[in-house]
Amino acid sequence: MDFLGFIIILVKVLVVFAATMLTVLILIYAERRVSAFMQGRLGPNRVGPKGILQPIADGIKFLMKEEFIPAGVDKPIFILAPAILLIPALMTFAVIPFGSSITILGREIALQVADVNVGILYILALTSIGVYGIVLAGWSSNSKYSLLGGLRSSAQLISYELAMGLAVVSIILLSGSLKLNDIIADQQGYFLSWNVFKQPLAFVIFLVAVYAETNRLPFDLSEAEQELVGGYHTEYSSMKFAMFFMAEYANMITAAALTVTLFFGGWDFPLINETMLGNWGTALSVLAFILKMGFFLFLFIWVRWTFPRFRYDQLMKLGWKVMLPTALFNIFVTAGYLTIKSVV
Amino acid sequence: MTRVTELPLETDKMVLNFGPQHPSTHGTLRIIMELDGETVTKATPEIGYLHSGFEKLGEDLDFNQYITITDRMNYLSPLCNNVAYALAAEKLIGIEVSKRTEYIRVLMCELSRIADHLLNVGMLAVDLGALTAFLYGFKLREDIYDLFEIATGTRLTTSYTLVGGLMRDIPDGYDKAVLKVLDEVDKVANDIETLLNKNRIWQDRTKKIGIISKEDAISYGITGPMARATGIEWDIRVNEPYSSYEDFEFDVAIALNGDVFDRYLVRMEEIRQSIKICRQSLEKMPSGDVIVDPGLGYSLPPKDEVYNSIEGLIYHFEVTMPNRGMTPPVGEAYVPTESPNGELGFYIVSDGNRTPYRVRTRPPSLMNYSIFSKLIEGHMLSDAPAIIGSINVIAGELDR
């Protein structure tokens, strides 16, 4: 790799990281405004015009809060746990292509930090690591409520991750590659070539699983304010608490981006061939990606403020008795169809 | 080498201290729960964290002064407590209040019922994670509190009734303000039901949770919406009408399963019936005075008499001075009323002094809460907030 290539990658990393963090801030603001809108309230409206500086005020508040470590906690794990949750949440975005390639000075640059050939596996692996953060936080806190929160999280993980993985498998069967770029290329072209139309069942399963993955209502069992006070983060304060908070939103961004990539053609702008339009096409593709992602982020917020919470055994039941068999059935049908197609 | 599988798998029960500081204990309830995994095997509620000596205060305050204590017992529907106490005191003394007073009391009680049920349904929703339904109701409750403020001067510590009537009449144009809010209530009740009734998660979380049988409801002395959700058709407003409730036409909402979902449905229906009663009371509102003073020294004379005539001033002093006025008969009285949560009554024993000998409250919350440990056993920890929410424990009334 030449020096320029190295610089380019560095810039991409920084841009993606900054964009993710900025989106986290925007999301925190959006969540509060949208929920306020849905509930007939005003929401934050004091800090800055229309309250847009509220997330920054929140951040400063978190920084200035006392860092309190309760007695009897397992200190190294207690401190490490928020990082275990946040870092993978920020890393997952690296393999997601957020636009077609851009040409600068005759050099074609793909809008993706790393084009890993096992992209999907990378994402699934990292998101599973994130759960350890929750489990360890609950375990190390020396609090019964936190412990229950952590335990719920691990139970939740095994219930939905299988179904989620199997939903992704049906997509992989269609595209024949684990590489996210190949999956997007497979959906290029006409509107109906998006996977959501080819694999509606997988899409529904994936979407439900993704809500469980991000610990959002109706699956925020490990947090469950009304039952477990704060669940795994009951004992956390200051920036450590903020890290859990940021991880949740970062996970939402990844989940939305992944949903768009797998089922909605990624950066594909319907009916337009971006590669023909040069850099303008790239801009269009980035715009398409942002719009689609924005919709799914809004959906996250919308769902959260509409539904009650599942009970822990009900989630397990849903995961094992409904989602898993459905996902298996879906794979069976998809594989059968592909086999017949290849024979005929 | 030991084989792991041959080791006995020891499990211990975990004792979880649920409350008194907990987001879903609504005030200051404390429950000591024994958990097996997440299943509650035993729950021991401990009450008394909000004990304020309200009953004892009744022995030191005269009949009108104690009214200010009654509304502090119940922070969801204070006016119902005002009315319940006034009714008992009036029965003891033998005062018959004017028809207008009775109608206004009915109006206020029913508005309180709407406010209470809206909040309760909302709290149940928020305990199950649905914050939006809660805020829909909460916003409207604010409007109802505004109505209370217009009539009584305060939102919560209303102290609206007096022995023999009301502190003051409702202002002109009050009916318009009430009707406007009632229309809104109708809409919001529909909104909440749209959001929750057919929601599968909501149904899963509330159906077959905390089932009370008819027999249990009777043996535990459960009243109000909780009893009606088990299929008991008992509403004191209909069965033993007080304060002119016999003049109003409304249905008693009952459900048959006695679970959390049915208690929710009964409350929603009661909101609708209360709207009906409120409208009727506004339509049929008789004219007249709101304070009856048979010269026994219970109610203060009108203010312009106090300021402009010596007789009025003397009478005012007679009423307020501790060694004059108020000569209640020796005896005892109890009037059951249908408060939003069940039977509420004040049992007053008088020895002929200015202050009662004893004031005992029959709070619905205490009896309703007594079945809680039976309801939660065998359910999961997550069901505890749902059941507490559906009981609607008002700690102020519970501990008094």
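Residues numbered from 1 in each chain as written. Chains lettered and ligands numbered in written order. Predicted model: local features only at pLDDT ≥ 70, side-chain atom pairs only at ≥ 80, totals over all residues. Heavy atoms only, no water.

Our next topic: the overall build of chain A. Scanning chain A from terminus to terminus reveals 12 helices and 2 strands. Ordered by position from N to C terminus, the α and β elements of chain A give α-α-α-β-β-α-α-α-α-α-α-α-α-α. Compactness check: chain A gives a C-alpha radius of gyration of 21 Å against a globular reference of 20 Å for 344 residues, within 12% of the reference. Projecting the C-alpha coordinates of chain A onto the three principal axes gives extents of approximately 65 × 50 × 45 Å. Going through the 344 residues of chain A one by one, you find that 52% of them count as buried. Pairs at least 24 apart in sequence give 78% of the contacts found in chain A among residues at least 6 apart. In the structure as shown, chain A presents an accessible area of about 15,500 Å², 74% of it carried by carbon and sulfur atoms. Taken together, the 23 basic and 21 acidic charged side chains of chain A have centroids lying 6 Å from each other. (Helix = DSSP H or I, 4+ residues; strand = E, 2+ residues; numbered from the N terminus. Rg over C-alpha atoms; globule rule 2.2 N^0.38 Å. Buried < 20%, exposed > 50% of the residue type's maximum accessible area, 1.4 Å probe, protein only. Contact = heavy atoms within 4.5 Å. Areas by Shrake-Rupley, 256 points an atom, 1.4 Å probe, with all protein chains shown as cover. Lys, Arg positive; Asp, Glu negative; His and termini not counted. Charge placed at Lys NZ, Arg CZ, Asp CG, Glu CD.)

On to the confidence of the model for chain B, then. The share of residues in chain B with pLDDT of 70 or more is 96%, and the mean pLDDT across the chain is 85. Note on the complex model: pTM 0.85, ipTM 0.80. (pLDDT = per-residue confidence, 0-100.)

Another point: the interface of chain A and chain B. Size of an interface, as often reported, equals the accessible area lost when the parts are brought together. With 25 residues of chain A in contact, the opposing surface of chain B contributes 34 residues. Each partner contributes to the roughly 2,600 Å² buried at the junction of chain A and chain B, and carbon and sulfur atoms together form 61% of this total. Sorting the residues of chain A by area buried against chain B places Q226(A), P308(A) and R311(A) first, and these three jointly supply 25% of that buried surface. Summed over the shared surface of chain A and chain B, the result is 2 salt bridges. Between E38(B) and R152(A) there is a salt bridge, with the nearest N and O atoms lying 2.5 Å from each other. Taken together, the elements giving at least two residues each to the side of chain A that touches chain B come down to α5 (144–175), α9 (225–228) and α12 (312–343) of chain A. Its residues assigned to classes, the side of chain A that touches chain B shows 12 nonpolar, 5 polar and 8 charged. (Buried area = accessible area lost by both parts, 1.4 Å probe. Salt bridge = Lys/Arg side-chain N within 4 Å of Asp/Glu carboxyl O. Nonpolar A, V, L, I, M, F, W, Y, C, P; charged D, E, K, R; others polar.)

All names here are of chain B. As judged from the 5 bridges shared by strand β1 (residues 14–18) and strand β2 (residues 30–36), these two strands associate in the antiparallel manner. Along β2, the bridge assignment pairs F18 with I31. Pairing of β2 with strand β3 (residues 39–46), which is carried by 7 bridges, proceeds in the antiparallel orientation. Paired with I31 across the bridge in β3 is P45. Counted between consecutive antiparallel strands, the loop separating β2 from β3 contains 2 residues, among which G37 sits at a positive phi close to 70 degrees. (Pairing = 2+ DSSP bridges.)

Okay, the pattern of salt bridges next. All names here are of chain B. Overall, the coordinates contain 33 salt bridges over all chains when judged by the stated rule. A salt bridge links R113 to E110, with the shortest nitrogen-to-oxygen separation between them at 3.1 Å. Within this pair, R113 and its partner E110 are both found in helix α4 (residues 99–127), separated by 3 residues, close to a single helical turn. Of the two residues, R113 and E110, both sit in the buried class. In this structure, D251 engages K276 in a salt bridge whose closest nitrogen and oxygen atoms are separated by 3.9 Å. With D251 in the loop between α10 (236–239) and α11 (260–283) and K276 in helix α11, this residue pair connects regions lying 25 residues apart in the sequence.

This brings us to the environment of I376(B). Residue and element names in this part refer to chain B. Checked against the element boundaries, I376 lands in helix α15 (residues 372–376). Taking the C-alpha atoms as reference, I376 lies 41 Å from E90; in sequence the two are 286 residues apart. Sequence-distant contacts of I376, defined by excluding residues within four places in its chain, comprise V40, A43, D383, A384 and I387.

Another point: the sheet that holds β2(B). Pairing within the open sheet is antiparallel, and its 3 strands lie in the order β1-β2-β3 (chain B). For this open sheet the edge positions go to β1 and β3 of chain B, each flanked by a neighbour on one side alone. Strand after strand, the sheet turns through a mean of 20 degrees between neighbouring axes, direction not considered. Relative to β1(B), α5(A) is tilted by about 115 degrees, and along the sheet it contacts β1 and β2 of chain B. (Axes fitted to C-alpha atoms, helices over the stretch in contact; angles between N-to-C directions.)

Residues and elements named next belong to chain A. Taken as a whole, this structure holds 4 cavities of 30 Å³ or more when the rule is applied. The volume enclosed by the largest cavity comes to roughly 170 Å³. Breaking the lining of the largest cavity down by element, the ones donating at least two residues are α3 (75–91), α4 (119–140), α5, α8 (200–213) and α10 (238–263). For the lining of the largest cavity, the per-class residue count stands at 12 nonpolar, 7 polar and 2 charged. As a volume, the second largest cavity reaches approximately 60 Å³. Surrounding the second largest cavity, I123, T127, M164, V210, E213, N251, T254, A255 and L258 form its lining. (1 Å grid on protein atoms, 1.4 Å probe; cavity = no way out; pocket = protein on both sides within 12 Å on 5 of 7 lines; lining within 4 Å. Points joined across faces, edges and corners; volume = space filled by probe spheres on them.)

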